[in-house]
Amino acid sequence: QVQLVESGGGLVQAGGSLRLSCVASGFILSIKNMGWYRQAPGKERELVAGITIGGSTNYADSVKGRFTISRDNAKNTVYLQMNSLKPEDTAVYYCNGFLYGSSRPYPFTSWGQGTQVTVSS
């Protein structure tokens, strides 16, 4: 069964850092382009960062220079390091497929539960 499980969220003050993890099961992560997405209340789900099979990355303008996406294929895991967090980063964060050059969600499986990130001012 294909499954994505996100973790690592929490409550942090503005300027703080968090590291999110997305563990995949039921498939080999290394053959997938992967992305991190977020959805704030009342807003659409948006791409935050994506990483291709070859390691090329893409970031939303709002997070460039602050967030870093990486992958550890041996652990079947994708990470999102978030630094200099801002209140506007508050959202539920999800991982799923990613299409390089596109900012639209490109899921290859059902969305997981996500992990809540709350940044206080």
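Look up: the structure comes first, before these words.
Residues numbered from 1 in each chain as written. Predicted model: local features only at pLDDT ≥ 70, side-chain atom pairs only at ≥ 80, totals over all residues. Heavy atoms only, no water.

> Hey, could you run me through unusual backbone geometry in this one?
The backbone of Asn76 shows a phi angle near 55°, a positive value even though the residue is not glycine. In this structure, Ser84 is a non-glycine residue whose phi angle is positive, near 50°. Structurally, Ser84 can be placed in the loop between strand 8 (77-82) and strand 9 (91-97). (Helix = DSSP H or I, 4+ residues; strand = E, 2+ residues; numbered from the N terminus.)

> Would you explain the nonpolar core in this entry?
One broad trend across soluble globular proteins is that nonpolar side chains are buried collectively. Judged by nonpolar contacts, the single largest core of 28 residues is most densely connected at Trp36, Phe67, Ile69, Leu80, Met82 and Tyr93. Breaking this core down by element, the ones donating at least two residues are strand 3 (18-25), strand 4 (34-39), strand 5 (46-51), strand 7 (67-72), strand 8, strand 9 and strand 10 (115-120). Look past the residues within four positions of Tyr93 in its chain and what remains in contact with it is Glu6, Leu20, Trp36, Tyr37, Arg38, Val48, Phe67, Leu80, Met82, Gly114, Thr115 and Val117. (Core = buried A, V, L, I, M, F, W, Y, C linked by side-chain atoms within 4.5 Å. Buried < 20%, exposed > 50% of the residue type's maximum accessible area, 1.4 Å probe, protein only. Contact = heavy atoms within 4.5 Å.)

> Hey, could you run me through the side chain of Thr52 in this one?
By the element assignment, Thr52 lies in the loop between strand 5 and strand 6 (57-59). Here Thr52 falls in the buried class, since its relative accessible area comes to 11%. Once residues lying within four places of it in the same chain are set aside, the contact partners of Thr52 are Asn33, Arg71, Phe98 and Tyr100.

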